[in-house]
Amino acid sequence: FGFQSNRIRRISARNNIHWRVASGAERYVLRRFGDDPAGHASALWEHALVEDLADASWPVARAVAPPREIDGGLWLLMPALPGRVLARGAVGPAGYRRMGRDLARLHDALERLPARAQRPGWGGFVEAALPLSGGPAHRDALLADLDAALPEAARAFRTALQGVEGHDLATVFAGAPRVAIHGDIAPWNLRYRRGALCAVLDFEL
C-alpha cells in the first residue's frame with residue numbers, strides 16, 4: 001500500500017484477521033479477508049458501501065486505497081478511527097437511547113444511498129430457501145440428516161418452514177424497498193468522544 005510500518009500487532013482473528021499498524025505518527029488497521037474466493041465479492045460489496053457512507057459524511061473507515069489481492073488473499077488498509085469503544089456491560093438506559101438515536105440516523109442515511117444489489121453470498125429470509133448454497137434441495141438433504149439424528153427437531157423445523165412458506169413472504173415483500181443494514185450495531189462496534197458518535201465499525205456482517 002506504499003506505507004512503511006514501524007509497528008504492527010495482530011488485534012483480532014475470526015472470519016477476517018486484523019492488525020493495528022503504526023507508520024510514523026499515523027495509525028491504521030490492516031484487514032485480511034477470509035480465503036473463500038466467493039467471500040471476496042462480498043468484501044468488495046462492503047468496501048463500496050463504506051465508500052458511499054463516507055461520501056455522506058459518516059464516520060466510517062474509508063480505505064486508504066482499493067482492496068488488493070496478494071498471494072490469493074484480499075487485503076484492505078484503513079485509518080484507525082478515534083474515540084473509545086463502549087465497554088461490554090457498561091451501557092445503561094441513557095447509553096442505549098443514544099445508540100438508538102444514532103442507529104435511526106444511520107438507517108436514514110442508508111435509505112438515501114443508491115440502490116444496490118443483494119450482498120453476494122447473502123439472501124432474504126423471506127425466500128425461506130436456506131441455505132443459499134444448494135437452495136431447497138440442500139435444505140431437504142440437511143433436514144433428512146437431522147431427522148436421522150434428532151427426529152423431533154427435524155419435525156419442528158419442517159413445521160416452521162411450512163408456516164413461513166404458507167405466507168408466501170417473497171410475494172408479500174416483493175415491492176418493499178431494499179436497503180443495506182449494518183447487522184451488528186452494538187456497543188463494541190461504536191466509538192464515542194465527548195458523547196458524540198465518532199466511529200461506526202465492522203460492516204463485515
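So, how was this worked out
- Residues numbered from 1 in each chain as written.
- Predicted model: local features only at pLDDT ≥ 70, side-chain atom pairs only at ≥ 80, totals over all residues.
- Heavy atoms only, no water.
- Helix = DSSP H or I, 4+ residues; strand = E, 2+ residues; numbered from the N terminus.
- Expected span 1.5 Å × (residues − 1).
- Buried < 20%, exposed > 50% of the residue type's maximum accessible area, 1.4 Å probe, protein only.
- Core = buried A, V, L, I, M, F, W, Y, C linked by side-chain atoms within 4.5 Å.
- Contact = heavy atoms within 4.5 Å.
- Pairing = 2+ DSSP bridges.
- Axes fitted to C-alpha atoms, helices over the stretch in contact; angles between N-to-C directions.
- Salt bridge = Lys/Arg side-chain N within 4 Å of Asp/Glu carboxyl O.
- Polar contact = N/O pair within 3.5 Å; in protein donor to acceptor, adjacent residues only side chain to side chain.

Draft legend 1. Seen up close, helix α1 (residues 37-55). Under the 1.5 Å per step criterion, the end-to-end length of α1 is 28 Å for 19 residues, consistent within 8% with the ideal 27 Å. Turning to α1, its buried residues number three or more, namely His-40, Ser-42, Ala-43, Trp-45, Glu-46, His-47, Leu-49, Val-50, Leu-53 and Ala-54. Remark: Ser-57 follows α1 within two positions and exhibits a positive phi of approximately 70°.

Draft legend 2. Representation of the nonpolar core within the structure. Of all hydrophobic cores here, the largest spans 20 residues; its most connected members are Leu-49, Leu-53, Trp-58, Val-60, Leu-110, Val-200 and Phe-203. Elements supplying a minimum of two residues to this core: α1, α2 (93-112), β7 (190-193) and β8 (196-200). Looking at which element gives the most residues to this core, the answer is α1, with five residues. Setting aside residues up to four positions removed in sequence, Trp-58 forms contacts with Leu-53, Asp-102, Arg-105, Leu-106, Ala-109, Leu-197 and Val-200. If you look at the next biggest cluster of nonpolar residues, it comprises ten residues, including Val-29, Phe-33, Ala-61 and Ala-199.

Draft legend 3. Main features of the sheet that holds strand β4 (residues 68-70). Spatially, the five strands line up as an open sheet ordered β1-β2-β3-β5-β4, and their pairing is antiparallel. Edge positions in the sheet fall to β1 (7-13) and β4, since each of these pairs with one other strand and no more. Across the sheet, the axes of successive neighbouring strands diverge by a mean angle of 30°, strand direction being ignored. Of the strand pairs in this sheet, strand β3 (residues 26-32) and strand β5 (residues 73-79) are connected by five bridges, and their pairing is antiparallel. Along β5, the bridge assignment pairs Val-29 with Met-78.

Draft legend 4. Quick peek at the pattern of salt bridges. Considering all chains together, one arrives at nine salt bridges under this definition. Among the ionic pairs, Glu-51 bridges to Arg-62, the shortest N-O distance being 3.3 Å. Placement of the pair is Glu-51 in helix α1 and Arg-62 in the loop between α1 and β4, with a sequence separation of eleven residues. Residue classification places Glu-51 among the partly exposed residues on the basis of a relative accessible area of 22%. In this structure, Glu-165 and Arg-139 form a salt bridge, with 3.6 Å as the shortest nitrogen-oxygen distance. Here Glu-165 is found in helix α4 (residues 151-166), whereas its partner Arg-139 is found in helix α3 (residues 135-149), with 26 residues between them in sequence. Using a relative accessible area of 42% as the deciding quantity, one classes Glu-165 as partly exposed. The structure contains a network of salt bridges with shared partners spanning Arg-31, Glu-46 and Arg-119.

Draft legend 5. Geometry of the sheet that holds β8. As summarised here, the arrangement of the three strands in space is β6-β7-β8, forming an open sheet in which the pairing is antiparallel. Since the sheet does not close on itself, it has two edges, and those belong to β6 (84-85) and β8, each with one partner. Together, β7 and β8 form the strand contacts of α2, whose direction differs from that of β7 by roughly 110°.

Draft legend 6. Inspection of the side chain of Arg-31 at higher detail. Mapping Arg-31 onto the fold places it in strand β3. What makes Arg-31 buried here is its relative accessible area of 4%. Of the polar contacts made by the side chain of Arg-31, one reaches the side chain of His-18; its length is 2.9 Å.

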